[in-house]
Amino acid sequence: MAKTLLPDELWNRIEPLLPPHPPRPKGGRPPLHDRKALTGIIFVLKTGIQWEYLPQEMGCGCGMTCWRRLRDWTRAGVWPFVMAHLHQELGIAGRINWERASLDATLVPAKKGARLPDPTLATAAGPAPSIMCSATATGPLCAAPN
């Protein structure tokens, strides 16, 4: 049996953290359920397939729907909020081994004491000459500019 991409336990923790859908005064088709969209997003990100090839048999809607939901949730700042919430839950439960934790510079930027990168040195004395080519009635003519 295949492993579930989004177990009930994880979904029950994430669902209340997702933003509600905006009202649709004109009606239209109801939006795809968030769990189905998140399952499709996880599948595409885990497998590396293109969004347009998301299998319809999974019941996750089309790849474009999942991509739009990922875009909307990203713009709404959902992912850092979900990660912080899950980390907090794990920390309270004592399930994070802080002895093995590490920080990434993308999360903790260096402030005032940061070194500036060294300047890039030129590798040539001057620009390389370019060649202009054109076709004429007598054949191709290439000449280097003066």
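All values derive from a computational prediction rather than experimental measurement.

Chemist: Explain the packing of aromatic side chains to me, using residue names and the numbers behind them.
Modeler: Applying the stated criterion across every chain, the model contains one aromatic pair. Ring centres 5.8 Å apart and planes at 80 degrees place the aromatic pair Trp 73 and Trp 79 in the edge-to-face group. Assessed through its relative accessible area of 3%, Trp 73 is described here as buried. Overall, Trp 79 belongs to the partly exposed group, its relative accessible area being 24%.

Chemist: Requested: an account of the pattern of salt bridges, with residues and values cited.
Modeler: For the structure on display, the rule yields five salt bridges. Between Arg 69 and Asp 34 there is a salt bridge, with the nearest N and O atoms lying 2.6 Å from each other. One end of the pair, Arg 69, is in helix α3 (residues 63–75); the other, Asp 34, is in helix α2 (residues 34–47), and 35 residues separate them in sequence. Of the charged contacts in the structure, one is a salt bridge between Asp 72 and Arg 71, with a shortest N-O distance of 3.1 Å. By relative accessible area, which is 36% here, Asp 72 ends up partly exposed. Residues participating in the shared-partner salt-bridge network are Glu 9, Arg 13 and Glu 89.

Chemist: Run through α3, naming residues and quoting values.
Modeler: Given a rise of 1.5 Å per residue, 13 residues ought to cover 18 Å, and the 18 Å separating the end C-alpha atoms of α3 matches this to within 8%. Trailing α3 by a residue or two, Gly 77 shows a phi angle of about 75 degrees, which is positive.

Chemist: Describe the layout of surface pockets, with residues and values.
Modeler: For the largest pocket, the calculated volume is near 370 Å³. Taken together, 15 residues make up the lining of the largest pocket; nearest its centre are His 21, Pro 22, Pro 31, Arg 69 and Asp 72. A total of six residues in the lining of the largest pocket trace back to one element, the largest contributor, which is α3. Looking at the lining of the largest pocket residue by residue, the classes come out as seven nonpolar, two polar and six charged. Roughly 190 Å³ of internal volume is contained in the second largest pocket. The wall of the second largest pocket is formed by Glu 9, Leu 10, Arg 13, Leu 86, Glu 89, Leu 90, Ala 93 and Arg 95. Of all elements in the fold, only α1 (8–14) and α4 (78–92) reach the threshold of two or more residues within the lining of the second largest pocket. Here the lining of the second largest pocket is built from residues that sort into four nonpolar, no polar and four charged.

Chemist: Mind laying out the packing of α2 against α3, listing which residues take part and the relevant values?
Modeler: Contact geometry for α2 and α3: axes closest at 9 Å, N-to-C directions at 100 degrees. As judged from the angle between their axes, α2 and α3 are roughly perpendicular. Every residue of α3 that contacts α2 at Asp 34, Ala 37, Leu 38, Gly 40 and Ile 41 is listed here: Cys 66, Arg 69, Leu 70 and Trp 73. Here the residues of the contact of α2 with α3 are counted per class, giving six nonpolar, one polar and two charged.

Here is what the cut-offs are and how they apply
Note that residues are indexed from 1 along each chain, following the sequence as it is written. Whole-chain, interface and lining totals are the exception, using all residues; otherwise, since this is a predicted model, local features are given only for residues with pLDDT of at least 70 and side-chain atom pairs are given and counted only at 80 or more. Excluded from the side-chain calculation are hydrogens and water; included are all heavy atoms of the structure. Side-chain rings of Phe, Tyr and Trp (the six-membered ring for Trp) are treated as a pair once their centres are within 6.5 Å; stacked means planes under 30 degrees apart, edge-to-face means over 60, and tilted covers the remaining angles. The cut-offs for exposure are 20% and 50% of the maximum accessible area for each residue type, with area from a 1.4 Å probe on protein chains only; residues under the lower value are buried, those over the upper are exposed, and the others partly exposed. A carboxyl oxygen of Asp or Glu within 4 Å of a side-chain nitrogen of Lys or Arg is what we treat as a salt bridge. A run of DSSP states H or I qualifies as a helix once it reaches four residues; a run of E qualifies as a strand once it reaches two. Both are numbered from the N-terminal end. The length a helix should cover is 1.5 Å for every residue beyond the first. Site definitions follow a grid-based scheme: protein atoms alone, a 1 Å grid, a 1.4 Å probe that fits but cannot get out for cavities, and for pockets an open set with protein on both sides within 12 Å along at least five of seven lines, plus lining residues having an atom within 4 Å of a point. Grid points are joined across faces, edges and corners, and a volume is the space filled by probe spheres set on the points. In this classification, Asp, Glu, Lys and Arg are treated as charged, Ala, Val, Leu, Ile, Met, Phe, Trp, Tyr, Cys and Pro as nonpolar, and every other residue, Gly included, as polar. Inter-axis angles, ranging from 0 to 180 degrees, are taken between N-to-C directions of lines fitted to C-alpha atoms, where helices are fitted over the stretch in contact. An angle below 35 degrees is read as roughly parallel, one above 145 as roughly antiparallel, one from 65 to 115 as roughly perpendicular, and any other as oblique. Any pair of residues with heavy atoms lying within 4.5 Å of one another is described as a contacting pair.

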